[in-house]
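Examining the three-dimensional arrangement
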Amino acid sequence: MSTETLTVRFFARLREELDTESLELPASPELTTGDILAQLAARGGPWAQLQGDQPVMIAVNQAMAKPSTPVKAGDEVAFFPPVTGG
């Protein structure tokens, strides 16, 4: 992985619906996880669900995060659907 990129991973149904496990995105100053969600959702189609009615959960470097969490080159950002119990 280049030091100018970050890794985005998708889990559970998001991985299946987006038909990808991970991708590399360019890192830029002042980038947040919310910015990444917006960029990906702008792709349309199944990607739009990332900013849809059902929020996704976010982790940065395996720690829970919020849309306002800053990210930098080399970070791993993970998106996954909310866990529901029965």
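What you see is a predicted model; the values in this text were computed from it and never measured.

**Side note on the sheet that holds strand S3 (residues 57-60)**
What holds strands together in a sheet is hydrogen bonding between their backbones, with the strands either parallel or antiparallel. Sheet architecture is open: five strands sit in the order S2-S1-S5-S3-S4, paired in mixed fashion. At either margin of the open sheet sits one strand with a lone partner, and together these are strand S2 (22-26) and strand S4 (63-65). On average, each strand axis in the sheet is inclined to that of its neighbour by 30°, with strand direction left out of account. One ladder, built from four bridges, connects strand S1 (residues 5-10) with strand S5 (residues 76-80); its direction is parallel. Following the sheet pairing, Thr-7 is matched in S5 by Glu-76.

**Quick word on the nonpolar core**
Of all hydrophobic cores here, the largest spans 20 residues; its most connected members are Val-8, Phe-10, Ile-36, Leu-40, Leu-50 and Phe-79. Those elements giving two or more residues to this core turn out to be S1, helix H1 (12-18), S2, helix H2 (33-41), S3 and S5. Apart from residues lying up to four places away in sequence, Leu-40 is in contact with Val-8, Phe-10, Leu-25, Trp-47, Leu-50 and Phe-79.

**Details of the packing of aromatic side chains**
The relative placement of two aromatic rings is captured by the distance of their centres and the angle of their planes. The full count for this structure, using the stated rule, is two aromatic pairs. With a centroid separation of 5.6 Å and an interplanar angle of 75°, the aromatic rings of Phe-10 and Trp-47 are classed as edge-to-face. Of this pair, Phe-10 sits in strand S1 while Trp-47 sits in the loop between H2 and S3, placing them 37 residues apart in sequence. Ring plane angle 35° and centroid distance 6.2 Å describe the contact between Phe-10 and Phe-79, whose orientation is recorded as tilted. Placement of Phe-10 in strand S1 and of Phe-79 in strand S5 is noted, with a sequence separation of 69 residues between them. Across the pair, Phe-79 and Phe-10 agree in class, each one buried.

The rules behind the values
- Residues numbered from 1 in each chain as written.
- Predicted model: local features only at pLDDT ≥ 70, side-chain atom pairs only at ≥ 80, totals over all residues.
- Heavy atoms only, no water.
- Pairing = 2+ DSSP bridges.
- Helix = DSSP H or I, 4+ residues; strand = E, 2+ residues; numbered from the N terminus.
- Axes fitted to C-alpha atoms, helices over the stretch in contact; angles between N-to-C directions.
- Core = buried A, V, L, I, M, F, W, Y, C linked by side-chain atoms within 4.5 Å.
- Buried < 20%, exposed > 50% of the residue type's maximum accessible area, 1.4 Å probe, protein only.
- Contact = heavy atoms within 4.5 Å.
- Phe/Tyr/Trp six-rings, centres within 6.5 Å; stacked < 30°, edge-to-face > 60°.

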